Amino acid sequence: MVARCDVIAVGAHPDDVELGCGGTVARLTASGLSVGVVDLSAGELGTRGDAAMRRREADEAARQLGVAWRVCTELPDGGLDPSDERQVSTLVAVLRQGAPRALLAPDTGDSHPDHGAAAALVQRAAFMAGVVRYRPELGAPCRPRLLLNYAGPRQLLTPTLVVDVSRAYAAKSAALASHASQFDPTGGAPTHLASGFFLAAIEGRDRACGNVIGSEFGEGFTACGALVADEIAWLFGERR
Ligand SMILES: [Zn+2]
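Residues numbered from 1 in each chain as written. Predicted model: local features only at pLDDT ≥ 70, side-chain atom pairs only at ≥ 80, totals over all residues. Heavy atoms only, no water.

Colleague: I'm lost on the overall build of the chain in this one. Help?
Modeller: Counting its secondary structure elements, the chain contains eight helices and seven strands. The C-alpha atoms of the chain give 17 Å as radius of gyration, which agrees with the globular expectation for 240 residues (18 Å, within 12%). Across its three principal axes, the chain shows a C-alpha extent of roughly 50 × 40 × 30 Å. Long-range contacts, defined as pairs at least 24 residues apart, comprise 82% of the intrachain contacts of the chain with a sequence gap of at least 6. (Helix = DSSP H or I, 4+ residues; strand = E, 2+ residues; numbered from the N terminus. Rg over C-alpha atoms; globule rule 2.2 N^0.38 Å. Contact = heavy atoms within 4.5 Å.)

See the structure below:
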């Protein structure tokens, strides 16, 4: 399932990558980079849908974004914990298999505790993946050269980096529509996520972020560590 790739995008729940950086993922795959997606949990605590349904929806969303592979590590929804050695080593194993040059992960500032925990878990695992003497049985050590953090769905991020995702926004919208159990207003119990207001707010945020750089749509990121200029050039450079 997990194969070597250029970039890995990590989310706490099966729709987090789409919401926070789906446009960026679609832009990267369209440019010819290989991207893998890791859902840390199956989203089993969600009000709507169940783990199996969410898995199918996530796979369809992955096709819309053009990603090379998508896996779920089945860590506990509502219980992500960067101090849990089993959770760290689970993610280290994935990172060593994928050996990505760049990582996209949640930002620490979102109010959902899983999102902040995921941010810390990814930071820890990304570092430990490069420690030669840490769990060598999990694979050859490697460390991403760039760790970018995307905004959570209830977070107004002051971005360090804004990616123009205008040309990729149709793919992001299609990927979000794939998560019908979460966002379809007609699909079940009324929730904030399925209110219509929620997805409108995500689009509004992405429009406001794009406006910062004079584009129709943008996705904002903070950086964990310094932004390596050559890595940014590699990540967003024209290939085709
Ligand atoms: Zn989430």
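Picking up where we left off.
Colleague: I would appreciate a short explanation of the coordination of the zinc ion in the present structure.
Modeller: Under ideal tetrahedral coordination, the four donors around a metal are separated by 109.5 degrees; under ideal octahedral coordination, the six donors are separated by 90 or 180 degrees. On the protein side, the zinc ion has His13 (ND1), Asp16 (OD), Asp16 (OD) and His115 (NE2) as donor atoms, found 2.1 to 2.4 Å from it. The site at the zinc ion holds four donor atoms, and with the angles between them running 57 to 127°, its shape is irregular. Sequence spacing of the donor residues for the zinc ion, all on one chain, is H-x2-D-x98-H. Remark: His115 occurs in helix α4 (residues 113-128) and His13 occurs in the loop between β1 (7-11) and α1 (16-30); sequence separation between them is 102 residues. When sorted by exposure, His13 lands in the same class as His115, which is buried. (Donors = N, O, S within 2.8 Å, 3.2 Å for Na, K, Ca; no water. Tetrahedral: all angles 85-135°; square planar, octahedral: opposite > 155°, others 65-115°. Buried < 20%, exposed > 50% of the residue type's maximum accessible area, 1.4 Å probe, protein only.)

Colleague: Looking at this model, I keep getting lost on the side chain of Asp16. Mind explaining?
Modeller: Along the polypeptide, Asp16 turns up in helix α1. No salt bridge is formed by the buried Asp16; the nearest opposite charge belongs to Arg54, separated by 6.5 Å. Residues in contact with Asp16, not counting those within four places in the same chain, are Gly11, Cys21, His115 and Tyr150. (Lys, Arg positive; Asp, Glu negative; His and termini not counted. Salt bridge = Lys/Arg side-chain N within 4 Å of Asp/Glu carboxyl O.)

Colleague: Looking at this structure, how should I read the pattern of salt bridges?
Modeller: Should the charged atoms of two oppositely charged side chains come close, the side chains can pair. Evaluated as defined, the whole model comprises 14 salt bridges. Arg54 is the partner of Asp15 in a salt bridge, and the nearest nitrogen-oxygen pair spans 3.4 Å. Here Asp15 is found in the loop between β1 and α1, whereas its partner Arg54 is found in helix α2 (residues 51-65), with 39 residues between them in sequence. Across the pair, Arg54 and Asp15 agree in class, each one buried. Residues participating in the shared-partner salt-bridge network are Lys172, Arg205, Asp206 and Glu219.

Colleague: Sorry if this is basic, but what is going on with the nonpolar core here?
Modeller: Among soluble globular proteins, nonpolar side chains are generally buried collectively. Core analysis: the largest hydrophobic core is formed by 32 residues, its most contacted members being Val7, Cys21, Val25, Leu28, Leu104, Phe221 and Leu235. If near-sequence neighbours (up to four positions away) are discounted, Cys21 is found in contact with Ala9, Asp16, Leu104, Tyr150, Glu219 and Phe221. Membership of the second largest hydrophobic core comes to 29 residues, among which are Val38, Val88, Leu103 and Ala118. (Core = buried A, V, L, I, M, F, W, Y, C linked by side-chain atoms within 4.5 Å.)

Colleague: How do you make sense of the pairing of strand β2 (residues 35-39) when you look at a structure like this?
Modeller: Side-chain direction in a regular strand flips from residue to residue, so the side chains alternate between the two faces of the sheet. Most of β2 sits inside the fold, with five of its five residues counted as buried. Burial of β2 is two-sided: the residues Val35, Val37 and Asp39 facing one way and the residues Gly36 and Val38 facing the other way are all buried. Two strands pair when backbone bridges link them, and β1 and β2 are joined in this way by five bridges, in the parallel orientation. Residue pairing across strands places Val10 opposite Val38, the latter belonging to β2. Once you follow β1 into α1 and on to β2, the crossover reads as right-handed. (Pairing = 2+ DSSP bridges. Right-handed = clockwise from strand over helix to strand, strands pointing away.)

Colleague: It is not clear to me how unusual backbone geometry should be interpreted in this structure. Could you clarify?
Modeller: It is generally the case that most residues other than glycine have a negative phi and that most peptide bonds are trans. For Ala99, which is not glycine, the phi dihedral falls at a positive 45°. One can find Ala99 in the loop between α3 (85-98) and β4 (102-106). A residue is classified by how much of its surface remains accessible, and Ala99, at 17% relative accessible area, is buried. Even without glycine at this site, Arg135 takes up a positive phi of about 45°. Structurally, Arg135 can be placed in the loop between α4 and β5 (146-150). Judged by relative accessible area, Arg135 falls into the partly exposed class, the value being 30%.

Colleague: Explain the sheet that holds strand β3 (residues 69-72) to me, please; I cannot follow it from the model alone.
Modeller: Adjacent strands of a sheet pair through backbone hydrogen bonds, lying either parallel or antiparallel. An order of β3-β2-β1-β4-β5-β7-β6 is seen for the seven strands of this open sheet, with the pairing classed as mixed. At either end of the open sheet lies a strand with only one pairing partner, and these are β3 and β6 (161-164). Each strand axis lies, on average, 25° off the axis of its neighbour in the sheet, ignoring direction. In this sheet, strand β7 (residues 218-223) lies alongside β5 in antiparallel orientation, the contact comprising three bridges. (Axes fitted to C-alpha atoms, helices over the stretch in contact; angles between N-to-C directions.)

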